[in-house]
Each structure stands twice: as C-alpha cells, then as structure tokens.
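Tertiary structure, described
Each chain, written out:
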Amino acid sequence: RETIAVRSFRRHPTADVALVELAQPAPARYARVAVLPQRARSRTGRALEIAGFGRRDDGASSGGRADRLGVIATLAEAGAPLISVTSTRTGACFGDSGGPAYAVAGQLRAVAGVLSNGNPSCRGGDSYVSAGFYEAFLRSVAPELTFLDP
C-alpha cells in the first residue's frame, strides 16, 4: 500500500467539498484527469463510469484495486449540487465514498462527481456531488485544473 503525504487542503466554506494538494506528484501510473464543467451538467441520461476501492456487491473486497463500471446519470434537480446515478447491474458499494464518476469519451475522462451517498444494496441509486456545480470554488483554489466536456 502506498501513502503520499498531504501538503494542504482547502474546504468549501458551506459545502462538504474539499480539494487536497499532495506533498509530491502522484505516481506516473495515475493519469491526470480533467473536471466536467458546470455547463455540461444539463446532460441528463449521460453515460458515466464510476470507480471505487470498496466492497463489491457480492461482499468481496476489491483487493485494493479500483473497480470500474458503466452507469447512467440523471440530475437530482436542475441547479442542484447532486448527480443521481442509476445502474442496471451494480453501483457504488461500501468503502467507495469519495470515489469519482467520470464522463468518458475514448481515452478522455473528466470527473463529473464524487460519491457522497451510496445505496446500501450496492445496486445503484447513488448520489454524487457535482464537480461542475462547484466549478467556481475549484477554479479559485486550483487554477491549474483543466475543465473539459469529453
């Protein structure tokens, strides 16, 4: 298991949102990803890919490897800070909190949201905090971030 120290973190003044700065660069095997911008949030029904290190729906551990699967996103309501995710197979599970939901096109990935609340059944119905909803905050604390709608 690899550990990287945190140099600093910035919390949003009113929401349960923070950005962490690592004390050293992440290992090369971790690709840098963009953030899905606010203007892209209106795409209800968009396919997303979720990733997590928690348990699988069969109760087995992911073994320290990120599991990924395709899901469909819908907005909780227009202008809301949450993205609701549905799946016909499985969803986020125990230990996946804080994991990303990506908008994907080919090799391009952009973080659409971060898991806030998963369904205990691990069968979808999960809520992700929208990265785009907090775009102004993210830009203010990390202007080097890339915003992209793949």
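In what follows, the structure referred to is the one given above.
Each value, and the rule that gives it
- Residues numbered from 1 in each chain as written.
- Predicted model: local features only at pLDDT ≥ 70, side-chain atom pairs only at ≥ 80, totals over all residues.
- Heavy atoms only, no water.
- Helix = DSSP H or I, 4+ residues; strand = E, 2+ residues; numbered from the N terminus.
- Polar contact = N/O pair within 3.5 Å; in protein donor to acceptor, adjacent residues only side chain to side chain.
- Contact = heavy atoms within 4.5 Å.
- Core = buried A, V, L, I, M, F, W, Y, C linked by side-chain atoms within 4.5 Å.
- Buried < 20%, exposed > 50% of the residue type's maximum accessible area, 1.4 Å probe, protein only.
- Patch = residues over 30% accessible without salt bridge, like charges linked within 9 Å, V, L, I, M, F, W, Y side chains within 5 Å.
- Areas by Shrake-Rupley, 256 points an atom, 1.4 Å probe, with all protein chains shown as cover.
- Salt bridge = Lys/Arg side-chain N within 4 Å of Asp/Glu carboxyl O.
- Disulfide = S-S within 2.5 Å.

Further remarks concern the side chain of His-12. Relative to the elements of secondary structure, His-12 occurs in the loop between strand E1 (6-11) and strand E2 (18-22). A polar atom in the side chain of His-12 sits 3.1 Å from the backbone nitrogen of Thr-14. For His-12, the residues in contact, after removing those within four places along its chain, are Val-17, Tyr-134 and Phe-137.

Counting residues in each nonpolar core, the largest one holds 14 residues, and the members touching the most others are Leu-36, Leu-48, Ile-83, Val-85, Ala-101, Ala-112 and Tyr-128. Of all the secondary-structure elements, those providing two or more residues to this core are strand E4 (47-52), strand E6 (82-86), strand E7 (100-105) and strand E8 (108-117). Element by element, the count of residues in this core is highest for E8, at three residues. Ranked by size, the runner-up nonpolar core spans twelve residues in total, among them Tyr-102, Val-111, Tyr-134 and Phe-137.

The next thing to look at is the side chain of Glu-49. Along the chain, Glu-49 turns up in strand E4. Engagement of the side chain of Glu-49 in a polar contact is seen with the side chain of Arg-109, the distance being 2.8 Å.

Next up on the list: a nonpolar patch on the surface. A surface patch of nonpolar side chains, amounting to about 360 Å² of accessible area, comprises Val-6, Phe-9, Val-20 and Leu-22. Elements with a contribution of two residues or more to the nonpolar patch: E1 and E2.

Turning our attention to the environment of Ile-83. Among the secondary structure elements, Ile-83 is positioned in strand E6. Looking at Ile-83, the relative accessible area reads 8%, which means it is buried. Distance in space between the C-alpha atoms of Ile-83 and Asp-126 is 8.3 Å, their sequence separation being 43 residues.

Under the defined criterion, the tally for this structure stands at one disulfide. Between Cys-93 and Cys-122 runs a disulfide, and the two sulfur atoms are separated by 2.0 Å. Residues Cys-93 and Cys-122 are joined through a disulfide that is right-handed, its torsion about the S-S bond being 70 degrees. One end of the pair, Cys-93, is in the loop between E6 and E7; the other, Cys-122, is in the loop between E8 and strand E9 (126-130), with 29 residues separating them in the sequence. In this structure Cys-93 comes out as buried when scored by relative accessible area, which is 9%.

Turning our attention to the pattern of salt bridges. Inspection of every chain in the model, using the stated rule, returns three salt bridges. Notably, a salt bridge pairs Glu-21 with Arg-7, separated by 3.2 Å at the nearest N-O pair. Of the two residues, Glu-21 sits in strand E2 while Arg-7 sits in strand E1, which places them 14 residues apart along the sequence. Classification of Glu-21 by relative accessible area gives partly exposed; the value is 35%.

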